[in-house]
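Coordinate inspection notes
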Amino acid sequence: MKKQIKVAIDGPAGAGKSTIAKAVAKRLGIFYVDTGAMYRAIALKSLRSNIPIDQEEEVGQMVQKTEIILEHSEARRVFCDGEEVTEAIRSPEVSRAVSKIAAYPVVRDRLVQLQRQEAERGAVIMDGRDIGTIVLPEADLKIFLTASPEERAHRRWLELCNSGREVSLIEVQQDMEKRDRQDSEREVSPLVPANDALILDTTGLSIQEIVEQIIALTLVFKEG
Ligand code: DC
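Throughout what follows, the structure given in this document is the object of discussion. All values derive from a computational prediction rather than experimental measurement.

Focus: the sheet that holds strand E6 (residues 124-128)
Strand order in the open sheet made by the five strands is E2-E6-E1-E7-E8, with parallel pairing throughout. Edge strands, defined here as strands with exactly one partner in the open sheet, are strand E2 (31-34) and strand E8 (198-201). Pairwise comparison of adjacent strand axes, ignoring direction, gives a mean angle of 20 degrees for this sheet. Pairing geometry for E2 and E6, over four bridges, is parallel. What sits directly across from Tyr32, in E6, is Ile125. Sheet strands touched by helix H1 (residues 17-28): strand E1 (6-10), E2, E6 and strand E7 (141-146). Its angle to E6, the strand with the most contacts, is close to 180 degrees.

Details of the site of the ligand
Around the ligand lies a shell of 15 residues, among which Arg40, Arg108, Arg129, Asp130 and Arg186 are the nearest. A distance of 2.8 Å separates an oxygen atom of the ligand from a polar side-chain atom of Arg108. Asp130 places a polar side-chain atom, nitrogen or oxygen, 2.8 Å from a nitrogen atom of the ligand. Relative to its unbound accessible surface of 450 Å², the ligand loses 97% to contact with the protein. Contributing elements (two or more residues each) for the shell around the ligand: helix H2 (35-48), helix H4 (92-102) and helix H8 (169-185). Ranked by the residues each element gives to the shell around the ligand, the list is headed by H2, at four residues. For the shell around the ligand, the per-class residue count stands at three nonpolar, four polar and eight charged.

Here's the deal with the packing of H4 against H8
Remark: H4 packs on H8, axes separated minimally by 9 Å, with the N-to-C direction vectors making an angle of 10 degrees. Compared by their axis directions, H4 and H8 come out roughly parallel. Seen from H4, the contacting residues are Ser95, Arg96, Val98, Ser99 and Lys100; seen from H8, they are Glu171, Asp175, Arg179, Gln182 and Asp183. Among the residues making up the contact of H4 with H8, the classes are represented as one nonpolar, three polar and six charged.

Cut-offs used in this document
- Residues numbered from 1 in each chain as written.
- Predicted model: local features only at pLDDT ≥ 70, side-chain atom pairs only at ≥ 80, totals over all residues.
- Heavy atoms only, no water.
- Pairing = 2+ DSSP bridges.
- Helix = DSSP H or I, 4+ residues; strand = E, 2+ residues; numbered from the N terminus.
- Axes fitted to C-alpha atoms, helices over the stretch in contact; angles between N-to-C directions.
- Contact = heavy atoms within 4.5 Å.
- Near = heavy atom within 4 Å.
- Polar contact = N/O pair within 3.5 Å; in protein donor to acceptor, adjacent residues only side chain to side chain.
- Areas by Shrake-Rupley, 256 points an atom, 1.4 Å probe, with all protein chains shown as cover.
- Nonpolar A, V, L, I, M, F, W, Y, C, P; charged D, E, K, R; others polar.
- Parallel < 35°, antiparallel > 145°, perpendicular 65-115°, else oblique.

Structure representation (C-alpha cells):
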C-alpha cells in the first residue's frame, strides 16, 4: 500500500462512515480524522457561549479564536479550547444545531484549513461530507457511503441508546432527515459524491464486509 495514502469517506448521517473509517484506520495503521467532530465542537461552543447559531458573523469570529484538537489515540478524544468535549458533541442539541453552522463559508474555510493540516501529517482516512470534493480532491481513494434512510436512522438510534441517551427512533429519524436536507441543499460544499467517488450502499451489509471491500481497494495503491 502507498505509504502516504489518503482515503476520503463521505456520505449522509448514519451511513456508517465513522465506524468503518475507524476500523479501516486500525487495520491499515493510519490516522483517522473525524471532520464532523470539528463542526460539532463549534456548534457546542456556540450553544454554551450563548452565540445564537443564526448569527453568522459572531459564529465566524468565534471560529477564528477556537482551538480544536482531535486526539490520534485509540480513545479519539476531542478537545475544544483545552476542554474535553468527546461526549458533549454527540448530544441531540448539538446534532440539531450543527448543520446550520456547517453551512457558513467562514466556518468551513477555517475547518477545511485545519483538516488539510491534519492530512499533511501522513497516511490518513478522513470522513465527512466534502472530503472527496473539497478537502482532499486529490485523495487516492474516494468512497461515498449510503444506506436506506430507515437503516441509517435505526443505526444512529442504537448508537445513542448504547451511549445511555433516551431518544425515540422517530425523533432520530426526523432530525436526521432535516439534517440531510440542510447538508445536501446548502450552497457551500453540499453533500454530493465526487465525480470519481465509488458509491457503496451499506444497507444490509455488515461493517466487516464493507471494511474488507475498502481494504481491498486500498491495496491497489502501490508503495510510493
Ligand atoms: O458526521 P457528523 O454527523 O458528525 O457531522 C456533523 C455535521 O457536520 C453534519 O450536519 C454535517 C456537517 N459536516 C459537514 O458539513 N462537513 C464535513 N466535512 C463533516 C460534517
